[in-house]
Amino acid sequence: MNAFVDKMRRRAGRYLDVRPVAIAPARGILSLSFDDIPVSAWTEAGPVMADHGVKATYYVCGGLSDGTNMDLPQFGTGHLQALFEAGHEVGCHTYEHVSTLTLSLAELDASLARNAAWVAERLDGHVMTTFAYPFGDCALGAKAVIDKRFLCGRGVRDGVNAGRADRANLQAIGLESRRLPGYDLEALVAETARTGGWLIAYGHDVSDRPTPYGCTPDNLDRLIRLARAADLDILPVASAWSRVAAQA
């Protein structure tokens, strides 16, 4: 792919064909999400969230099951079923973990359908209702496909969703060791509370020595504690969407 062309395509996906939604819950919301589902996103993050009594959204690619990604072991069916039974949301991340910039609309739709069938077979017919773009790559044409299949899509553009947002490409912050030093989490949580906004955090692996795309258990614990101190509701993405939609 041509780097400059892809950069322009990413910008187009972020700022054009906006599918607006009003963000005005009764009080601010934090949603935690984990992409790809490295094993540690369940075995290490799960107990932290259980201690706080909160649930997250896990964005799954069926094609990564029982394999490796970024040299990390990925979830197996047993992990997926355990986190689902624990009350966490399972959302869609394409089947192959592929950038939407590389797919035709028909290929994207086929990948989503394949992932839907794979998940439904393992989770007793579960229908995924939210989506996260692999690599955060939102091709402009992909928005129509995502908007047709899902309640909302989540990207990786930094920020709090407040006032008016793009339901096909919601903003989020990276719960990642490479990004966390650049955030003022206290300010972001305070902004979410003040504006009645929706803060979505995404991460990958969770360990004491995370990859650049992961975080430590203490990082996760800190964000949850900050959200609780600010009186934010902590909800999976689909539940948060229902809360937002109910206010429309």
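### Side note on the overall build of the protein
Along the backbone of the protein there are nine helices and 12 strands. Computed over C-alpha atoms, the radius of gyration of the protein comes to 17 Å, within 12% of the 18 Å expected from 2.2 N^0.38 for 248 residues, which places it in the range of a compact globule. By its C-alpha atoms, the protein is 45 × 40 × 35 Å across when sized along the principal axes. Looking at the protein as a whole, 55% of its 248 residues qualify as buried. For the protein, contacts bridging at least 24 residues in sequence account for 73% of all contacts bridging at least 6. Surface exposure of the protein reaches about 10500 Å², of which carbon and sulfur atoms provide 51%. Computed over 25 positive and 29 negative side-chain charges, the separation of the two mean positions in the protein equals 7 Å.

### Thoughts on the packing of helix α3 (residues 45–52) against helix α8 (residues 217–229)
Each pair of packed helices can be described by the angle between their axes along with the distance between the axes. For the pair α3 and α8, the least separation of the axes is 9 Å and the interaxial angle reads 25°. Regarding the angle of α3 to α8, the classification is roughly parallel. Judged by the twist between their axes, the crossing of α3 over α8 is right-handed. Facing Ala 45, Val 48, Met 49 and His 52 of α3, the residues of α8 in contact are Pro 217, Leu 220, Asp 221, Ile 224, Arg 225 and Arg 228. Its residues placed into classes, the contact of α3 with α8 shows six nonpolar, one polar and three charged.

### Details of the packing of aromatic side chains
Tallied over the full model, the rule gives five aromatic pairs. An angle of 85° between the planes, with centres 6.1 Å apart, marks the rings of Phe 75 and Trp 118 as edge-to-face. In this pair, Phe 75 is assigned in the loop between β5 (72–73) and α4 (77–85) and Trp 118 in helix α5 (residues 105–122), connecting sequence segments 43 residues apart. Per residue, the accessibility class of Phe 75 equals that of Trp 118, and both read buried. Aromatic rings pair up to connect Phe 34, Trp 42 and Tyr 58 into one cluster.

### A word on the nonpolar core
Judged by nonpolar contacts, the single largest core of 56 residues is most densely connected at Leu 32, Phe 34, Met 49, Tyr 58, Val 60 and Leu 220. Residues Ile 23, Ala 165, Ala 172 and Val 244 belong to the second largest nonpolar core, which totals 18 residues.

### Describing the pattern of salt bridges
Tallied over the entire structure, the rule returns 12 salt bridges. The salt bridge partner of Arg 149 is Asp 109, with a shortest N-O separation of 2.8 Å. Taken together, the positions of Arg 149 in helix α6 (residues 142–149) and Asp 109 in helix α5 put the pair 40 residues apart, joining distant regions of the chain. The closest approach of N and O atoms between Asp 166 and Lys 143, which form a salt bridge, is 2.5 Å. In this pair, Asp 166 is assigned in strand β9 (residues 163–166) and Lys 143 in helix α6, connecting sequence segments 23 residues apart.

### Brief notes about the packing of helix α7 (residues 185–195) against α8
Orientation of α7 relative to α8, taken along the N-to-C sense of each, is 35°, at an axis distance of 10 Å. α8 is crossed by α7, and the crossing has right-handed handedness. Contacts between α7 and α8 involve Leu 185, Glu 186 and Val 189 from the former and Arg 222, Leu 223, Leu 226 and Ala 227 from the latter. Per-class residue counts for the contact of α7 with α8 are five nonpolar, no polar and two charged.

### A closer look at the environment of Asp 147
Position of Asp 147 relative to the elements: it lies in helix α6. Expressed as a C-alpha distance, the spacing of Asp 147 and Ala 168, which sit 21 residues apart in the sequence, is 5.9 Å. Not counting residues within four places of it along the chain, the set of residues in contact with Asp 147 comprises Arg 19 and Arg 167.

Cut-off values and rules
- Residues numbered from 1 in each chain as written.
- Predicted model: local features only at pLDDT ≥ 70, side-chain atom pairs only at ≥ 80, totals over all residues.
- Heavy atoms only, no water.
- Helix = DSSP H or I, 4+ residues; strand = E, 2+ residues; numbered from the N terminus.
- Rg over C-alpha atoms; globule rule 2.2 N^0.38 Å.
- Buried < 20%, exposed > 50% of the residue type's maximum accessible area, 1.4 Å probe, protein only.
- Contact = heavy atoms within 4.5 Å.
- Areas by Shrake-Rupley, 256 points an atom, 1.4 Å probe, with all protein chains shown as cover.
- Lys, Arg positive; Asp, Glu negative; His and termini not counted.
- Charge placed at Lys NZ, Arg CZ, Asp CG, Glu CD.
- Axes fitted to C-alpha atoms, helices over the stretch in contact; angles between N-to-C directions.
- Parallel < 35°, antiparallel > 145°, perpendicular 65-115°, else oblique.
- Left-handed = near helix turned anticlockwise from the far one by under 90°.
- Nonpolar A, V, L, I, M, F, W, Y, C, P; charged D, E, K, R; others polar.
- Phe/Tyr/Trp six-rings, centres within 6.5 Å; stacked < 30°, edge-to-face > 60°.
- Core = buried A, V, L, I, M, F, W, Y, C linked by side-chain atoms within 4.5 Å.
- Salt bridge = Lys/Arg side-chain N within 4 Å of Asp/Glu carboxyl O.

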